Amino acid sequence: MSFADKITMLMTRPGGENAQKDDVPWWMRYAGRGLGTVGSLIAILLGVFNCLGLLTLNVPCMLAGIWQMLAGFVVIVCEAPCCCFCIDYVQALSDKVETRPYWNKAVLYVGLALPPFFLCFLSLSTWFGSGMIFGTGVIYGMMALGRKASAEEMRTSAANLEAGLGQPSSAPRANLVANEQPVSFTGLPLPLPN
């Protein structure tokens, strides 16, 4: 594959959205991708700054910086593979991540963003760098929830639940056991027959 073909393939990627993602507004998709790209670049730069904790013998902040740089690299590979076009497997990995549901990306990004907070809590560079990756995870989590129903649909659903129509099986009024009794009315357990 020539270099021009590789660049062309990388640039055509954002148009290939899955059918399951059609209910997400276009601006939210671009917000997630944009914050992921910019946030991961900032996280990498601030991770380098956190690694300067080695000069002050602050080992947890140095470890947080290393983790933050690795998390930034993973996010930029998933969100903007064109930034890493020199690495061969990046496009295949990005395509594989793109086919996963939004909640998978949300869990991945939030999980990558949390460890630096526990290692170096008081560092502003940790808060800003990993916070942007965390924000990307939050946006993908909101995308996984989908659109909110219209006001009329919510009113109709609430009226049906109050009337007892179409009540879900997990409603508080549903009985789990047909012969349940409060604990105070049950007697001692009966002995087992020999």
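Refer to the structure printed above.
Notes on the structure follow. None of these values were measured; they are calculated from a predicted model. (Residues numbered from 1 in each chain as written. Predicted model: local features only at pLDDT ≥ 70, side-chain atom pairs only at ≥ 80, totals over all residues. Heavy atoms only, no water.)

**Re the state of the cysteines**
Rule in force here: For this text, the term disulfide refers to a pair of cysteine sulfurs within 2.5 Å. Only DSSP runs of H or I reaching four residues or more are called helices, and only runs of E reaching two or more are called strands; each is numbered from the N terminus. Burial classes: relative accessible area under 20% of the type maximum marks a residue as buried, over 50% as exposed, and values in between as partly exposed (1.4 Å probe, protein chains only).
On inspection of all chains with the given rule, the structure shows one disulfide. Paired by a disulfide, Cys61 and Cys120 hold their sulfur atoms 1.9 Å apart. In this structure, the disulfide formed by Cys61 and Cys120 twists by about 65° around the S-S bond and is classed as right-handed. Pair noted here: Cys61 is in helix α3 (residues 59-79) and Cys120 is in the loop between α5 (102-119) and α6 (124-145), with a separation of 59 residues, a long-range link. The same class applies to Cys61 and to Cys120, which are both buried.

**As for the environment of Met28**
Inclusion rule: In what follows, residue pairs with any heavy atoms lying within 4.5 Å of each other are defined as contacts.
The residue Met28 is located in helix α2 (residues 26-51) in this model. It is 7.5 Å that separates the C-alpha atoms of Met28 and Ile139, two residues lying 111 residues apart in sequence. Apart from the residues lying within four places of it in its own chain, the contact partners of Met28 are Ile139, Met142 and Met143.

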